[in-house]
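Residue-level structure breakdown
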Amino acid sequence: MDGGNDPQADDWGPFGRPLFDDPASQWLKRVGVVDVGSNSVRLVIFDGAARSPAYFYNEKIMAGLGAGYAETGRLNPEGRKRALDALRRFKLLSEDFQMAPLTVVATAAMRNAEDGPEFCEEVLRETGLRVWVIDGEQEARLSAQGVLLGWPDATGIVCDIGGSSMELAALLEGEIGLCQTSPLGPLQLQGIKDKKKRREHIRSTIAEMWEKIGPHEDRLYLVGGSWRAIARHDMVRRDYPLHVLHEYRMTPRDVTETIDWIAANDSSELASKSGTSSSRMALVPLACEVLRELVAVLKPREIAISSYGLREGLLYQQMPRELRERDPLIEACRFAEQKDSRRPGFGRVLHHFVSPLFEDLPLARRRIVKAACLLHDVSWRAHPDYRHEACFDYVTRASMGGLTHPQRIFLGLALLHRYKNNRSGTHFEDLLGLLSDEELHQAEVLGKAMRFGSMLTADTDESIGTLSWKPRKKLLELDLSDRAKVLFGEVAQSRFQSLANTLGAETKIV
């Protein structure tokens, strides 16, 4: 499964040998995972053996393998056909991309159905792909590992809902605790027609899981297509401006109000407004019933949506600990700088130069300062008139882990000011409401500091000078190196003064 010829490879089970421990596997550029679920069959190809991998390819087929299971105990016949067709296609795609053999993992529908083993044999015979059917606790653990790909130090409860099951996993400062599984997927719940009995079943099942897993009243991480569909409806209801599901946050009250709102409105209209497919929308009401009870029993302080789940968990499984512990945001920014900037490596020099302006900020904000410096030049190929917009779009829409929504906006605004002094008149103004006035000011200072600092170098990493900021005296001091004195021309002087004006500071040049 990792592309080698080692006859012992299968001893690693569905996860394959660790890709990054074996020097012989360093040539691997792409890792492909197929998730055969109760609702969908999805292929994801990750690009690069990195801490924050890019999604090279992502395709989903709503096969509906688990449809009707509650009544028949077997896989849906039409679902089997669609799933097999999808797997044939995915196998050929992986060959075209010249990558390692796909890892194919199946969850609740395949492990519970009477004809699950028979279908696995058919897939192997028709495609040559071996399907690894994992149990509920493995599924919960993999989903939790997917969450850790984006939140390395996460604490709380991960809840992954599929078509035929729902899993819970405890997280404490990045370590996975007890994992639980249950038959609370919407396709399973369709078999309980009486709404009162269904609600009692959901509540008692969650309470039993909660009693075993223990209290974690910090954050609830939601993984799965039905949860993401509910989050999209919450965005529509709240008229939320940033349509990025990963790291979207809701309060328990938000969840309750959105569930009531979904129940009170026409489902086809809601599907159109939220961009939810009709097949997914059919399962949303049952998922809402589960989520309502889940929030009532677990009482989380906050609910966060994770776009990372089982598939990302499979990738995380193969990472050595030293790679897992790296910051996903900083790793993604380093990769972007290396790939797209005019001067790879200058972000480190620029960060050292601007850091004195931000020494009093909390660590979480200084981390975003570092990310901004790494990304300060990656949009240089855009037309000069639109670079400020291109870099804002790049950050706010990028597939990056380790970024809250306000942090995305802060980072995007800082990069906007890297190329443009004034942000008025841009089409991003509705997003800026996610930041406080102080954060807006800090982002502008960072952008203008990068705008100035980037002028003090050409093609060398030698010292470009030193900034010194005395906030009580409101004094911005610039100590220029011999080389930087020559580079401190009229435009550079103007940008230095613009930075000082934003700080409300007097200037001193040594």
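Along each chain, the written sequence defines residue order, and numbers are assigned to residues from 1. Owing to the predicted nature of the model, reporting of local features is limited to residues with pLDDT of at least 70; listing and counting of side-chain atom pairs is limited to 80 or more, with chain, interface and lining totals taken over all residues. Note: side-chain values were computed over all heavy atoms of the structure, leaving out hydrogens and water.

Overview of the sheet that holds strand β3 (residues 54-61)
- Any two strands are treated as partners once DSSP identifies two or more bridges connecting them. Numbering of helices and strands runs from the N terminus; a helix is a DSSP stretch of H or I covering at least four residues, while a strand is a stretch of E covering at least two. Taken in spatial order, the five strands make up an open sheet running β3-β2-β1-β4-β5, and their pairing is mixed. Two strands lie at the open edges of the sheet, namely β3 and β5 (131-133), each paired on one side alone. For this sheet, the mean angle separating the axes of adjacent strands, direction not counted, is 20°.
- Pairing between strand β4 (residues 103-106) and β5: three bridges, direction parallel. In the strand pairing of β5, V104 is matched with V131. Simply put, an axis is a line fit to the C-alpha atoms, just over the touching stretch for a helix, and the angle between two N-to-C directions goes from 0 to 180 degrees.

What to know about the nonpolar core
- As used in this record, nonpolar core signifies buried Ala, Val, Leu, Ile, Met, Phe, Trp, Tyr and Cys residues forming a set joined through side-chain atoms within 4.5 Å. Remark: exposure states derive from per-residue accessible area (1.4 Å probe, protein chains only) relative to the maximum for the residue type, with buried under 20%, exposed over 50%, and partly exposed in between. With 105 residues, the main nonpolar core has M166, W227, L294, L357 and L476 as its most contacted residues.
- The element contributing the most residues to this core is helix α12 (residues 284-298), with ten residues.
- Residues contacting L294, with those up to four places away along its chain left out, are C159, M166, L168, I206, L220, L222, W227 and K299.
- L149, Y221, V223 and L323 belong to the second largest nonpolar core, which has 29 residues in total. Residues are treated as being in contact if the distance between any of their heavy atoms lies within 4.5 Å.

A few points about the pairing of strand β6 (residues 156-161)
- Counting buried positions along β6 gives six out of six residues, so the element sits mostly inside the fold.
- Where β6 lies against strand β7 (residues 166-172), six bridges are found, and the strand directions are antiparallel. Across the sheet, the residue bridging to G156 is L171, located in β7.
- As consecutive antiparallel partners, β6 and β7 are separated by four residues.

A look at the sheet that holds strand β12 (residues 466-470)
- Across the sheet, which stays open at both edges, the three strands sit in the order β12-β13-β14 with mixed pairing between neighbours. Each of the sheet's edge strands pairs with one partner strand only, and the pair in question is β12 and β14 (506-509). Geometrically, the sheet is characterised by an average inter-axis angle of 20° between neighbouring strands, direction not taken into account.
- One ladder, built from four bridges, connects strand β13 (residues 475-479) with β14; its direction is parallel. The residue of β14 that forms the bridge with L478 is I509.

Here's the deal with the confidence of the model for the protein
- Looking at the protein, pLDDT values average 89 and 93% of them are 70 or higher.
- Note on scores: pLDDT gives the predictor's confidence for each residue, bounded by 0 and 100. At the low end of the mean pLDDT range in the protein sits helix α14 (residues 321-324), at 80; at the high end sits strand β10 (residues 249-250), at 98.
- The low-confidence segment residues 1-12 (pLDDT under 50) makes 21 contacts with residues lying over four places distant or belonging to another chain.
- Contacts for the low-pLDDT stretch residues 17-21, under 50 throughout, to residues beyond four places or in other chains number 22 contacts.

So, unusual backbone geometry
- In the Ramachandran plot, E247 falls in the positive-phi region, its phi being about 75° despite a non-glycine side chain.
- At K299, a position not held by glycine, the phi torsion is positive, near 50°.
- Tracing the backbone shows K299 in the loop between α12 and β11 (302-305).

Observations concerning the side chain of R219
- When you line up the elements, R219 lands in strand β9 (residues 219-223).
- Judged by relative accessible area, R219 falls into the buried class, the value being 15%.
- Contacts described as polar in this section are N or O atom pairs within 3.5 Å, which, within protein, must combine one atom able to donate a hydrogen with one able to accept it, while residues neighboring in sequence count only if both atoms come from side chains. Among the polar contacts made by the side chain of R219, one reaches the side chain of Y221 at a distance of 3.1 Å.

Describing the state of the cysteines
- A pair of sulfur atoms, both from cysteines and within 2.5 Å, is called a disulfide here. Taken as a whole and judged by the stated rule, the model has zero disulfides.
- We note that C373 lacks a disulfide partner, and the nearest cysteine sulfur, in C333, lies 10 Å from it.
- In this structure C373 comes out as buried when scored by relative accessible area, which is 0%.
- Counting only cysteine sulfurs, C333 is the nearest neighbor of C391, a cysteine outside any disulfide, at a range of 13 Å.
- Among the residues examined, C391 registers a relative accessible area of 2% and is labelled buried.

With respect to the packing of helix α16 (residues 346-354) against helix α17 (residues 363-375)
- Contact pair α16 / α17: the axes reach a minimum separation of 8 Å and the direction vectors enclose 135°. With respect to each other, α16 and α17 are oriented oblique. Between α16 and α17 the crossing geometry is right-handed. Residues G347, L350, H351 and V354 of α16 pack against V369, K370, C373 and L374 of α17.
- Gly is placed with the polar residues, together with every amino acid not listed as nonpolar (Ala, Val, Leu, Ile, Met, Phe, Trp, Tyr, Cys and Pro) or charged (Asp, Glu, Lys and Arg). A breakdown of the residues in the contact of α16 with α17 according to their chemical character gives five nonpolar, two polar and one charged. Should an angle fall under 35 degrees it is called roughly parallel, over 145 degrees roughly antiparallel, and 65 to 115 degrees roughly perpendicular, with every other angle called oblique. A crossing counts as left-handed when the near helix is turned anticlockwise from the far one by less than a right angle, and as right-handed when that turn is clockwise.

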